[in-house]
Amino acid sequence: MNQISPLAYVHPEAKLGDNNVIGPFCYIDRNTVIGDNNVFQNSVTINVGARIGNNNEVFPGASLSTKPQDLKFKGEETICEIGNNNSIRENVTISRGTASKGYTKVGNNNLLMENMHIAHDCVVGNGCIIGNSTKFAGEVIVDDNAIISATVLIHQFCRIGGYVMIQGGSRTSQDIPPYIIAGKEPIRYAGVNLIGLRRRGFSNELIQNIHEAYRIIYQSNNTRADAIQQIKEVIPMSPEIQYIIDFVEASQRGIIK
């Protein structure tokens, strides 16, 4: 049975699962689908197009599936998909998609800290930690297990690789490849995320191979194509090394220096 405060509003067309807690002054609009065992603390707004999974906790002031802040948006029917086991802290805003993708997506087991923003058509993976007041412009992609510190600004269409650590206050208009630390001003490669990778169970041999791949990539006389070819020739192939290769080859905005 759902626990719905008499001071909350739930649209008659909203679809709710079981055992949800909906606190006072929450607003749940039409065309919304909510799973089981979610907790919406007071003053949470769930807008049109929300698709929310199970076991999420949403804190006061959060607004999910908001109308995109994009002048090209013409009211088309789009969604905002949020998975399971996420902690969405105070005043987080997540926009729904536009005609570009049709959806914004946040995966599972993420911590979205206070006042951060995910714009239209973004895709955030699983296991990410995103700090206070960090802002993603439209169509940003964040791969699994990224840690993005507070007050980070990510330009539209950028991609953030998995297992990265991004220093607080950074801003980027280029892609940040996986397994690295990125920081300083202007933002740049600051080494492999050794502590993070060890905590995730990466072997010393694998970490060394990742380090060697980035040594090749960031040699000043290497073009992207030359670096990729050299990596293929001298570093034992593994899913992690292939991920680096695929990420760099697919980058449209270029990777940080």
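Right above here is the structure, for reference.
Residues numbered from 1 in each chain as written. Predicted model: local features only at pLDDT ≥ 70, side-chain atom pairs only at ≥ 80, totals over all residues. Heavy atoms only, no water.

**Student:** Tell me about the pattern of salt bridges, and name the residues and values.
**Tutor:** Within the structure shown, the criterion is met by seven salt bridges. The salt bridge partner of Asp 70 is Lys 72, with a shortest N-O separation of 3.2 Å. The class of Asp 70 is buried, set by a relative accessible area of 13%. By relative accessible area, which is 64% here, Lys 72 ends up exposed. (Salt bridge = Lys/Arg side-chain N within 4 Å of Asp/Glu carboxyl O. Buried < 20%, exposed > 50% of the residue type's maximum accessible area, 1.4 Å probe, protein only.)

**Student:** Got a sec to walk through the pairing of strand β12 (residues 79-82)? Specific residues and values, please.
**Tutor:** Every second residue of β12 is oriented toward a common face, the buried set being Cys 80 and Ile 82 and the non-buried set Ile 79 and Glu 81. The pairing of strand β9 (residues 50-52) with β12 spans three bridges and is classified as parallel. The residue bridging Ala 50 from the neighbouring strand is Cys 80, located in β12. Taken together, the four bridges between β12 and strand β15 (residues 103-106) define a ladder with parallel strand orientation. In the strand pairing of β15, Glu 81 is matched with Lys 105. (Helix = DSSP H or I, 4+ residues; strand = E, 2+ residues; numbered from the N terminus. Pairing = 2+ DSSP bridges.)

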